[in-house]
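Structural features, examined
Single-letter residue listing:
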Amino acid sequence: MGQLARGETRWEVYLEAEHVPAEGIVRGRTHFVHGDRHRQSAWIFLERSQKEVQERFNDFSANELWSLVESLGP
């Protein structure tokens, strides 16, 4: 999805989407990767299509993404 940077700290940001046929939904979560460090959110998006998951993710500001990655641990 892109890169999240603040000073010398940089995270590669990825969005994972998974179709859940039994429920007729697509769920999504965010991954943050920095070297050998990897943090991932819970399934925070539940939508009817992958496009809607993508649109919801795109609504996040850089500050909101920083808050999310910082909440996921050291």
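Presented here is an overview of the structure given in this document.

Parameters at a glance
Residues numbered from 1 in each chain as written. Predicted model: local features only at pLDDT ≥ 70, side-chain atom pairs only at ≥ 80, totals over all residues. Heavy atoms only, no water. Helix = DSSP H or I, 4+ residues; strand = E, 2+ residues; numbered from the N terminus. Buried < 20%, exposed > 50% of the residue type's maximum accessible area, 1.4 Å probe, protein only. Contact = heavy atoms within 4.5 Å. Core = buried A, V, L, I, M, F, W, Y, C linked by side-chain atoms within 4.5 Å. Salt bridge = Lys/Arg side-chain N within 4 Å of Asp/Glu carboxyl O. Pairing = 2+ DSSP bridges.

Glancing now at the side chain of Thr30. As for its placement among the helices and strands, Thr30 is situated in strand 3 (residues 25–34). Of the residues examined, Thr30 reaches a relative accessible area of 1% and is grouped as buried. Excluding residues that lie within four positions of it along the chain, Thr30 makes contacts with Val13, Tyr14, Leu15, Arg39, Gln40, Ser41, Ile44, Phe45, Phe57 and Leu68.

Once that is clear, we can look at the nonpolar core. Ranked by internal contacts, the top residues of the largest apolar core, which has 13 residues, are Leu4, Trp11, Phe32, Phe57 and Val69. Looking at this core, the elements with two or more residues in it are strand 2 (9–20), strand 3, helix 1 (50–58) and helix 2 (62–71). Ranked by residue count, the leading element in this core is helix 2, at four residues. Not counting residues within four places of it along the chain, the set of residues in contact with Phe57 comprises Met1, Val13, Leu15, Thr30, Phe45 and Leu65.

Before going further, it helps to spend a moment on the pattern of salt bridges. In total, this model carries five salt bridges according to the counting rule given. A salt bridge links Glu47 to Arg56; its shortest N-O distance comes to 2.5 Å. By relative accessible area, which is 17% here, Glu47 ends up buried. Judged by relative accessible area, which is 36%, Arg56 ranks as partly exposed.

What follows concerns the pairing of strand 3. Where burial is concerned, most of strand 3 is hidden: seven out of the ten residues are buried. Pairing geometry for strand 2 and strand 3, over nine bridges, is antiparallel. Paired with His19 across the strands is Val26, a residue of strand 3. Following strand 2, the chain reverses through four residues before pairing antiparallel with strand 3; Gly24 in that reversal takes a positive phi of roughly 65°. Relative to strand 5 (residues 45–47), strand 3 is paired through three bridges, and the arrangement is antiparallel. Bridge pairing links Gly28 to Phe45 in strand 5.

Bear in mind that shape data such as this cannot, by itself, settle questions of function.
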